[in-house]
Amino acid sequence: MEREVIEADLVLPTHLGFKKIQMYEKYPKGQARGRHRKHLKQIIQAENYQNYPPDVPNYINIESPPSMHPCKKICDITGFAAPYYDPRTNLRYANAEVFKAIRSLPNDYVQRYLALRNAAVVLR
């Protein structure tokens, strides 16, 4: 008889307030899980953007002001991040090997690299 009392004390209820509910208990099979994310195509179809004036920003004509953060400095030769620049040619470079290559470039090549970056300066 003691054994029956001990086993009866160990029986727990199906749900305790402090325990997390398992997902299969919370959402039975076939029921939605709550969060449903729409794709951009679904958003565009649902919003009827033809009715909006053309100057109002929306998903079709995204217009934003210029960034307040400074632009990243990229090496003009390799395209890697460039922490240095050559004061003689104003070209940005990533490492010492590129610096040697920059110093060996003719002046017209340097001008072309600067023109690509829209920083063309006439060098003497």
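All of these numbers come straight from a predicted model, not from anything done at the bench.

Asks: Would you take a moment to explain the pattern of salt bridges for this structure?
Replies: Between side chains of opposite charge, a pair can form when the charged atoms approach closely. Scanning the model with the defined rule gives two salt bridges in all. A salt bridge links Arg117 to Asp76; the shortest N-O distance between them is 3.2 Å. One end of the pair, Arg117, is in the segment after helix H5 (107-116); the other, Asp76, is in the loop between helix H3 (40-47) and strand S1 (84-85), and 41 residues separate them in sequence. Asp76 sits in the buried class, given a relative accessible area of 17%. Here Arg103 and Asp86 are joined by a salt bridge, their closest N and O atoms 2.7 Å apart. With Arg103 in helix H4 (residues 96-103) and Asp86 in the loop between S1 and strand S2 (92-93), the pair connects residues that are 17 residues apart, well separated along the chain. When its relative accessible area of 33% is taken as the criterion, Arg103 is described as partly exposed.

Asks: Honestly, the packing of aromatic side chains in this entry has me stumped. Any pointers?
Replies: Geometrically, a pair of aromatic rings is defined through the distance of the ring centres and the angle of the planes. Tallied over the full model, the rule gives two aromatic pairs. On the numbers, 4.9 Å between centres and 40° between planes, the contact of Tyr93 with Phe99 is tilted. Looking at Tyr93, the relative accessible area reads 12%, which means it is buried. Residue class for Phe99 comes out partly exposed when judged on its relative accessible area of 25%. Joined through ring pairs, the aromatic side chains of Tyr84, Tyr93 and Phe99 make up one cluster.

The rules we used
- Residues numbered from 1 in each chain as written.
- Predicted model: local features only at pLDDT ≥ 70, side-chain atom pairs only at ≥ 80, totals over all residues.
- Heavy atoms only, no water.
- Salt bridge = Lys/Arg side-chain N within 4 Å of Asp/Glu carboxyl O.
- Helix = DSSP H or I, 4+ residues; strand = E, 2+ residues; numbered from the N terminus.
- Buried < 20%, exposed > 50% of the residue type's maximum accessible area, 1.4 Å probe, protein only.
- Phe/Tyr/Trp six-rings, centres within 6.5 Å; stacked < 30°, edge-to-face > 60°.

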